[in-house]
Amino acid sequence: MELRLVGGPKSPRDSTGATIYLTAGGIRQREDVFSGASYASSSDPRPHFGIGSAARVDKIEIHWPSGAKEEIVPPAVDRIFTIVEGKGIQNPHEHVSK
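None of the values given here were measured: they were computed from a predicted structure. (Residues numbered from 1 in each chain as written. Predicted model: local features only at pLDDT ≥ 70, side-chain atom pairs only at ≥ 80, totals over all residues. Heavy atoms only, no water.)

**Section: the sheet that holds strand β6 (residues 80-84)**
Reading across the sheet, the three strands line up as β1-β6-β7 and stay open at both edges, with mixed pairing between neighbours. In the strand order of this sheet, the two ends are held by β1 (2-6) and β7 (88-89), each with one partner. Looking at chain direction, β1 and β6 are connected through five bridges and run parallel. Along β6, the bridge assignment pairs Leu-5 with Ile-83. (Pairing = 2+ DSSP bridges. Helix = DSSP H or I, 4+ residues; strand = E, 2+ residues; numbered from the N terminus.)

Set out below in structure tokens:
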């Protein structure tokens, strides 16, 4: 599962500084959004989570750079979800290529 985060009015648009916690199958994972890598290169800024054999995600908790916290329960797995700060999931049907 991948997330594309879009910050609101008090967070950077690219959500640099956000922390995401995903809980699935009794396991809690953490990803941080950061930018940069090295000279003339960059990394994919989308947080990516592997959920193994879990058929669903129990919850996603986002700590935005503005200090706001948001909890989301995604409707499916194997997707890329765009989440806009304060507005939730914006494209629930985008599939991840395998």
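**So, the sheet that holds strand β5 (residues 69-72)**
Here we have four strands laid out as an open sheet, ordered β3-β2-β4-β5, and antiparallel in their pairing. If you trace the sheet from one side to the other, it starts and ends with β3 (27-32) and β5, each paired once. The mean angle between the axes of side-by-side strands here comes to 15°, regardless of whether they run parallel or antiparallel. (Axes fitted to C-alpha atoms, helices over the stretch in contact; angles between N-to-C directions.)

**Some points on the side chain of Thr-19**
Here Thr-19 lies in strand β2 (residues 19-24). At 3.0 Å, the side chain of Thr-19 forms a polar contact with the side chain of Asp-32. Apart from the residues lying within four places of it in its own chain, the contact partners of Thr-19 are Arg-30, Glu-31, Asp-32, Glu-61, Ile-62 and His-63. (Polar contact = N/O pair within 3.5 Å; in protein donor to acceptor, adjacent residues only side chain to side chain. Contact = heavy atoms within 4.5 Å.)

**Notes on the pairing of β2**
Counted residue by residue, β2 has six buried out of six residues, so it is predominantly covered. Side-chain alternation along β2 places Thr-19, Tyr-21 and Thr-23 on one buried face and Ile-20, Leu-22 and Ala-24 on a second face that is also buried. Across six bridges, β2 lies against β3 in antiparallel orientation. If you follow Ala-24 over to β3, its bridge partner there is Ile-27. Pairing of β2 with strand β4 (residues 59-63) involves five bridges; the strand directions are antiparallel. Paired with Thr-19 across the strands is His-63, a residue of β4. (Buried < 20%, exposed > 50% of the residue type's maximum accessible area, 1.4 Å probe, protein only.)

**Some thoughts on the packing of aromatic side chains**
Under the defined criterion, the tally for this structure stands at zero aromatic pairs. Over the aromatic face of Tyr-21 sits the side chain of Arg-28, whose NZ or CZ is 4.0 Å from the ring centroid. (Phe/Tyr/Trp six-rings, centres within 6.5 Å; stacked < 30°, edge-to-face > 60°. Lys NZ or Arg CZ within 6 Å of the ring centre and 35° of its normal.)

**Some thoughts on the side chain of Thr-23**
Its place among the elements puts Thr-23 in strand β2. Judged by relative accessible area, which is 16%, Thr-23 ranks as buried. Residue contacts for Thr-23: discarding those within four places in its chain leaves Arg-28, Val-57, Asp-58 and Lys-59.

**Details of the pattern of salt bridges**
For the coordinates displayed, the defined rule picks out five salt bridges. With a shortest N-O distance of 3.1 Å, Arg-46 and Glu-2 are connected by a salt bridge. Within this pair, whereas Arg-46 is found in the loop between β3 and β4, its partner Glu-2 is found in strand β1, the two being separated by 44 residues in sequence. (Salt bridge = Lys/Arg side-chain N within 4 Å of Asp/Glu carboxyl O.)

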